[in-house]
Amino acid sequence: MDFWEKLGIREKNFGASTGLKWFETKNEGELKIYSPTNGKYIASVYQASEEDYEKILNESGKAFKEWRKIPAPKRGEIVRQIGLKLREYKPYLGKLVSYEMGKSLQEGLGEVQEMIDICDFSLGQSRQLYGFTMASERASHRMYDQYHPLGVVGVITAFNFPVAVYAWNAMLATVCGDVNLWKPSSKVPLSAIAVQNIIGEVIKENNLPEGLFSLVIGKGSTIGEKLLNDKRIPLISLTGSTPVGRHAGEAIAKRFGRAILELGGNNGIIITPDADLKTAIPAIVFGAVGTAGQRCTTTRRLIIHESVYEKVKDSLIKAYKSLKIGDPLDEKNHVGPLIDKSAVKLFISALERVKEEGGKVTFGGEVLSGKGYESGCYIVPALVEAENHYKIVQEETFAPILYLIKYSGNVSNAIELHNDVVQGLSSAIYTNNLREAEQFLSIEGSDCGIANVNIGTSGAEIGGAFGGEKETGGGRESGSDSWKAYMRRQTNTINYGTALPLAQGIKFEI
Ligand code: NAD
């Protein structure tokens, strides 16, 4: 038996479910899924129809009316059970994520661990959906704010995190009293079906309503559009590229929906003369080539002080030469494949464009072929000497290209270069100089949602709020107080006295 069969993946799968129920539509096209690791066919998915979508929304609406009445800690108990199931299935699901998406097995398992962690976090959160109590200016009045569930939460996810990002959203939304509708990327639908099956076991064991956790696999242009424009979905959380996010943001705003947008990054690390290169070099390499450069937090720009530029470049070339590229399920390898051949084309064309603009490819950039590389998706990560203002450097190329950019003078110059891009997700500085570190974190420092000192740009923990500024979209999800985005806030004032004093001392007598 192949390991994915343990997760309920069959040769042919349906793409729409409300929990235990699957809709058996076959006439909307079949997605055939091949592994980028070896080019081999895994399984197929029949895409959902618009009628399936309508049936799901009906069930979701009904489920919400029931689910919102369940006390939040009891909702937390369901999420706790999902966490337990995920622990049980972690070896299989981690492997499927790795095989379907192409990230390393360690990273595939890490994604499932993130799901488990957010289940634990959400369980605790279920007893902490706090509002404030405020002092009223009026005698015998009490004022406080409280949080109520929103309704159906639409979660649209990107290919590079096939399962974790869904859980970041769905587990919090569930304890908040919302119900979930997930539209995963059509590049990695099997991992989503596996998660739906795992959650299905908890639904069955607890006799939960259909519609609490729904899945819809279909085209962005049809099913995706339906979600964006559907007034019955008060919140859409979309993780994806900036162009798709821009379009989504406009459509959702038009109907006064709420959006959490988690979009592209162009993450930089500043290397100052004081940087500890012993820890900086591995952090840079992991940040730049991990997940084959396909993380939103991938390190794409290295802003290096001229006094250490050559040393850093030489150390990176040495480190890149030692990278093992190959099957991500083989734990000896450091770099796996890109998601598909069109991603390989984008990688090649970005390197052509940077050369035209005056950049120099110092290492890598080749497409690998031959034994072990049959899928045509393996490339050699590239190091490129470039300048920050190049058009291609300003863009997010979703592949392992690290631009080496020189700065001179003080750290203010480096910060200026660092912030001079349209994206604002993750950032870091390597320095042992306290003043430089604090300046980087100050109001004059990094303009990103995530700013680190002496660690790289990728590999966030679930406990912090995750997201970025500018064209990264401004959304926050996962830890800290991100849960508030999944609830509607209400201010309540109660008069327990016998008079009717008006606010601001306004007199009104009849
Ligand atoms: P993408 O923008 O191509 O697709 C993202 C999702 O949007 C997919 O599910 C896709 O089917 C859907 N979609 C596409 N068109 C749509 C439409 N018209 N209506 C509704 N949905 C639609 O992104 P991708 O290639 O899957 O992922 C890579 C991108 O995601 C990168 O830019 C990366 O930086 C970004 N990303 C951001 C974060 C973050 O937290 N900021 C995390 C992961 C990935």
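Since the structure is predicted, the reported quantities are computational estimates derived from the model, not experimental observations.

What follows is about a positive patch on the surface. On the surface, Lys-65, Arg-68, Lys-69 and Arg-488 cluster together into a patch of positive charge. You can see Lys-69 is positioned in the loop between helix 1 (50-67) and helix 2 (72-101).

What the rule picks out here adds up to 23 salt bridges. Notably, a salt bridge pairs Asp-145 with Arg-489, separated by 2.9 Å at the nearest N-O pair. Linking Asp-145 in strand 6 (residues 141-149) with Arg-489 in strand 23 (residues 487-495), this pair joins segments that are 344 residues apart in sequence. As a salt-bridge pair, Glu-385 and Lys-313 come within 3.3 Å of each other at their nearest N and O atoms. Taken together, the residues span a long stretch of sequence, with Glu-385 in strand 15 (residues 382-385) and Lys-313 in helix 9 (residues 309-321) at a distance of 72 residues. The exposure class of Lys-313 is buried, given its relative accessible area of 11%.

Once that is clear, we can look at the packing of helix 8 (residues 277-289) against helix 9. At a minimum axis separation of 10 Å, helix 8 and helix 9 run at an interaxial angle of 55 degrees. Accordingly, the angle class assigned to the pair helix 8 and helix 9 is oblique. Our pair here, helix 8 against helix 9, has a crossing hand that is right-handed. Residue-level contacts link Leu-277, Ile-281, Ile-284, Val-285, Ala-288 and Val-289 of helix 8 to Lys-311, Val-312, Ser-315, Leu-316, Ala-319 and Tyr-320 of helix 9. Broken down by class, the residue content of the contact of helix 8 with helix 9 amounts to 10 nonpolar, 1 polar and 1 charged.

Here we have 3 strands laid out as an open sheet, ordered 5-6-23, and antiparallel in their pairing. Two strands lie at the open edges of the sheet, namely strand 5 (133-134) and strand 23, each paired on one side alone. Strand direction decides the pairing type here: strand 6 and strand 23, joined by 9 bridges, are antiparallel. Its bridge partner lying in strand 23, Met-143 is registered against Thr-493.

The rules behind the values
- Residues numbered from 1 in each chain as written.
- Predicted model: local features only at pLDDT ≥ 70, side-chain atom pairs only at ≥ 80, totals over all residues.
- Heavy atoms only, no water.
- Patch = residues over 30% accessible without salt bridge, like charges linked within 9 Å, V, L, I, M, F, W, Y side chains within 5 Å.
- Areas by Shrake-Rupley, 256 points an atom, 1.4 Å probe, with all protein chains shown as cover.
- Salt bridge = Lys/Arg side-chain N within 4 Å of Asp/Glu carboxyl O.
- Lys, Arg positive; Asp, Glu negative; His and termini not counted.
- Charge placed at Lys NZ, Arg CZ, Asp CG, Glu CD.
- Helix = DSSP H or I, 4+ residues; strand = E, 2+ residues; numbered from the N terminus.
- Buried < 20%, exposed > 50% of the residue type's maximum accessible area, 1.4 Å probe, protein only.
- Axes fitted to C-alpha atoms, helices over the stretch in contact; angles between N-to-C directions.
- Parallel < 35°, antiparallel > 145°, perpendicular 65-115°, else oblique.
- Left-handed = near helix turned anticlockwise from the far one by under 90°.
- Contact = heavy atoms within 4.5 Å.
- Nonpolar A, V, L, I, M, F, W, Y, C, P; charged D, E, K, R; others polar.
- Pairing = 2+ DSSP bridges.

Function cannot be inferred from these measures alone, as they are strictly geometric.
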